[in-house]
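Per-entry structural report
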2 protein chains.
Amino acid sequence: MQDGMVAARLREFEELCRQKGLPVTMQRRVILEAVLQRDDHPTADQIYEAVQEHIPQLSRTTIYRVLDAFVDLGIIRRLHQTGAARFDGKINRHHHVVCVHCGKIVDLEDRNLDQLSPPKGKLQGFKIDDYSVQFSGTCPDCQKRQE
Amino acid sequence: MQDGMVAARLREFEELCRQKGLPVTMQRRVILEAVLQRDDHPTADQIYEAVQEHIPQLSRTTIYRVLDAFVDLGIIRRLHQTGAARFDGKINRHHHVVCVHCGKIVDLEDRNLDQLSPPKGKLQGFKIDDYSVQFSGTCPDCQKRQE
DNA sequence: CTCCGTGCAAAAGGTTTGCACTGGT
DNA sequence: ACCAGTGCAAACCTTTTGCACGGAG
């Protein structure tokens, strides 16, 4: 992400914090900057490494807590649920609806979605076996819990 | 999955084993059956629970090893990489190409894929926020490693 | 008979939690 | 000054590994 964009996102973050009355700490600024500056989908540990040069005493615990907070604020995304791996006995092409709160996954069969054509020449040399569409949102149970 | 289908998949599995000279053990049959019988994308631990009533002394270690073997054989799928969570600073709609071997994730921007319409009435009461398409395959590095 | 598959126990990640302290507002 | 944010250490959960045994081919 280019510097100008990173700066814009940082300002956006600070404004969001002011709106919600959340303190803007050095740690949060530095961690957010680290996530925005890379486009390789870093792990918590990679962020930890990256941040060391700015705040050497920053702890992993804080990384985890701050990243969580950012995901809740909606300013970054978690690419997949942490916790146990899940397995699927269905091996035909199909799609999923995932609850971002509890991790529940339900199958979605849809003919239209089965026939997407992979964009030519954008796949960076990957040999593609298959694809699947993931809809993300909130399941009925978690909707109730939020009310 | 209906019983007939489960039985068919089991036969398919046994034939595959015979082709490859792999022993068909009781453990593998029972674990495969357990995965095929449910459509809720179980974790290794849930399979462990389910299998207890058939072979009480079956260990978690075996569950993990057998599930791995099944994924390699291509008769079941792992729904997401195990290991560390990954974070993404990009929050606009975009898509991913994922290497099933090393877990590398690269971004894919494609206008056509940005305009899919969620199928009406199939979303089981989920409130959908967004979606993304995931292409899965083998990255250039892992292709080299395989040669 | 020979191996591969299995079980147990221990180690290895990765993440979360309890508690005391620090630092933003 | 108050309360949320932070750091440390320990707990926790999931997965992997080393080694010895037993059953499948």
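Now for a look at the structure at hand. Keep in mind that what you see is a predicted model, and the values were worked out from it rather than measured.

Close contacts around DNA strand C come from 20 residues, with V24 and Y64 of chain A together with T25, R28 and T62 of chain B the closest. A breakdown of the atoms of DNA strand C within 4 Å of the protein gives sugar and phosphate a share of 65%. Between a phosphate oxygen of DNA strand C and a side-chain N or O atom of T25 of chain B, the distance comes to 2.7 Å. At 2.8 Å, a side-chain N or O of R65 of chain B approaches a base nitrogen of DNA strand C. Counting only elements with at least two residues in the surface near DNA strand C, the list comes to helix 4 (60-73) of chain A together with helix 2 (26-37) and helix 4 (60-73) of chain B. At four residues, helix 4 of chain B tops the list of elements feeding residues into the surface near DNA strand C. Per-class residue counts for the surface near DNA strand C are nine nonpolar, eight polar and three charged.

A separate point is the relation of the copies chain B and chain A. Mapping chain B onto chain A is achieved by rotating through 179° and translating by 0.0 Å along the same axis, at an RMSD of 0.2 Å. Put plainly, the chains are arranged around a two-fold axis. No C-alpha of chain B lies nearer the rotation axis than that of V133 of chain B, which sits 2.2 Å from it. When the interface residues of chain B are mapped onto chain A, 100% of them are again interface residues, pointing to one common binding face.

Take helix 1 (residues 3-20) of chain A next. All names here are of chain A. Counted at 1.5 Å a residue, the expected span for helix 1 with its 18 residues is 26 Å, and the 26 Å between its end C-alpha atoms agrees. Looking at helix 1, one finds that the buried residues are V6, R9, L10, F13, E14, L16 and C17. Angularly, the buried residues of helix 1 cover 160° about the axis, an arc narrow enough to put them on a single face. Facing away from the buried side of helix 1, by more than 90 degrees, are the exposed residues G4, R11, R18 and Q19. Those residues of helix 1 that are buried lie in contact with helix 2 (26-37) and helix 4. G21, located one to two residues past helix 1, shows a positive phi value of around 70°.

Cut-offs used in this document
- Residues numbered from 1 in each chain as written.
- Chains lettered and ligands numbered in written order.
- Predicted model: local features only at pLDDT ≥ 70, side-chain atom pairs only at ≥ 80, totals over all residues.
- Heavy atoms only, no water.
- Near = heavy atom within 4 Å.
- Polar contact = N/O pair within 3.5 Å; in protein donor to acceptor, adjacent residues only side chain to side chain.
- Helix = DSSP H or I, 4+ residues; strand = E, 2+ residues; numbered from the N terminus.
- Nonpolar A, V, L, I, M, F, W, Y, C, P; charged D, E, K, R; others polar.
- Least-squares fit on C-alpha atoms with pLDDT ≥ 70 in both.
- Contact = heavy atoms within 4.5 Å.
- Expected span 1.5 Å × (residues − 1).
- Buried < 20%, exposed > 50% of the residue type's maximum accessible area, 1.4 Å probe, protein only.
- Arc of directions from axis to C-beta.

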